[in-house]
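Take a look at the letters that make up each chain.
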Amino acid sequence: MSIRFAGIHHVTAIAEDPQENVDFYAGVLGLRLVKKTVNFDDPGSYHLYYGDASGNPGTIMTFFSWPGAARGRIGTGQVSATSFAVPQDSLGYWLERLLQHGVRFDQPVRRFDETMVAISDPDGLAIELVARPEVPNGEVWKGSPVPPEYAIRGISGVTLSERSEEIAENVLTNLLGFKKVEEEEGRTRYLSAGSGGSFADVVALPGGAAGQTAVGTVHHVAWRAPDDEMQEAWREELEARGLHVTPILDRNYFRSIYFREPGGVLFEIATDPPGFAVDEDPDHLGEDLKLPPWLEKDRERIEEVLPPVHLPHEEG
Ligand code: ZN
């Protein structure tokens, strides 16, 4: 297959309160809020993007905010955990930081020769900090409250909760080009072939109940397409395989297609360009509410319904 595949672009989850979300991801985890915008499909609610200094693909975690919505339930057909890569010797720092901020976490465990800490965000979303020997230096955000030597370096992988190991394996290897590398305690690890080096772990629960997507669960995972041509090739490939795939949608910071893989997880393929500097000065990302051109006419109405959100350092 001529389609190049380069790992995770972003993961999108659902939060209830946008301020609590900013306080946790920017304030505690030290990611940069790289874009404050609205859900283009539901403009009365926030879409918040976090990442490294520029919000490079592979470092981006995003949230739809659904105030007052019920909590979801983790189950099959879902991303059940999102893993962030941190430098090898940084977990001591992180445990202390999590304790200081009253974050719920489990004691560190070894998994596939890596040490990781499982934590819950304010909405109960499962996040992991995985210590990795080789983390890219990337563009660590200098304004982060976390010192650069400990900073999160990006999303290292996701765990997929699936009914069928075989179906998941088929999707990951034959469609997305992952390689099956290891198995351990009911978990199978697949590595992306591209330079991104993302992992997708599959935990198969044949009798498991399907998950419910709402607050505290992942909405979808997006894989990278380096350019529009590659995305178009992906789209054709997906259609040829009989998968229902959306038209190419303009998400302002990238272009996207969406499809549900046969196991039920919502996948997106997002282009690397144009990125978050397309409508904002790179030095001031995330500071103002940005709207795509087609929603500017509704700005006043949108601003009225959105609760104010401030960055953690803007106390008071
Ligand atoms: Zn997305």
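Please refer to the structure higher up on the page.
Residues numbered from 1 in each chain as written. Predicted model: local features only at pLDDT ≥ 70, side-chain atom pairs only at ≥ 80, totals over all residues. Heavy atoms only, no water.

## Here's the deal with the sheet that holds strand S7 (residues 114-120)
Just so we agree on the cut-off: For two strands to be treated as a pair, DSSP must find at least two bridges joining them. Strands are runs of DSSP state E lasting at least two residues, helices are runs of H or I lasting at least four, and both sets are numbered from the N terminus onward. Only the contacting stretch of a helix is used when fitting its axis, a line to C-alpha atoms as for every element, and angles between N-to-C directions run 0 to 180 degrees.
Here we have 8 strands laid out as an open sheet, ordered S6-S7-S8-S5-S9-S12-S11-S10, and mixed in their pairing. Of all strands in the sheet, those with a lone pairing partner are strand S6 (109-111) and strand S10 (179-184), marking the two edges. Averaged over all neighbouring strand pairs, the angle between strand axes comes to 30°, with direction disregarded. By the bridge criterion, 6 bridges tie strand S5 (residues 78-87) to strand S8 (residues 126-132) in an arrangement that is parallel. Of the residues in S8, the one forming a bridge with Ser83 is Glu128.

## Looking at the environment of Asp41
How we decide: The rule is simple: take the accessible area with a 1.4 Å probe, protein chains only, and divide by the maximum for that residue type; under 20% is buried, over 50% is exposed, in between is partly exposed. N or O atoms closer than or at 3.5 Å make up a polar contact, with two conditions inside protein: a donor-capable atom paired with an acceptor-capable one, and, for residues adjacent in sequence, both atoms drawn from side chains.
Note that Asp41 resides in the loop between strand S2 (32-39) and strand S3 (42-51). Given a relative accessible area of 60%, Asp41 falls into the exposed group. A polar contact is formed between the side chain of Asp41 and the side chain of Arg251, at a distance of 2.9 Å.

## A look at the coordination of the zinc ion
Note the threshold: Coordination partners: N, O, S within 2.8 Å of the metal, 3.2 Å for Na, K and Ca; water not considered, so apparent gaps in a site are possible.
Donor atoms from the polypeptide that bind the zinc ion are His10 (NE2), His220 (NE2) and Glu268 (OE), placed at 1.9 to 2.0 Å. In the primary structure, the donors to the zinc ion are separated according to the pattern H-x209-H-x47-E. Remark: His220 occurs in strand S13 (residues 218-225) and His10 occurs in strand S1 (residues 8-15); sequence separation between them is 210 residues. Looking at His10, the relative accessible area reads 2%, which means it is buried.

## A short note on helix H2 (residues 91-100)
So the rule is basically this: Contacts are assigned to residue pairs that have any heavy atoms within 4.5 Å of one another.
Taken residue by residue, H2 has Leu91, Tyr93, Trp94, Leu95, Arg97 and Leu98 as its buried positions. Looking at the packing, one finds that the buried side of H2 touches helix H1 (18-28), S5, S7 and S8. Of the residues trailing H2, Gly102 is marked for its positive phi of about 65°.

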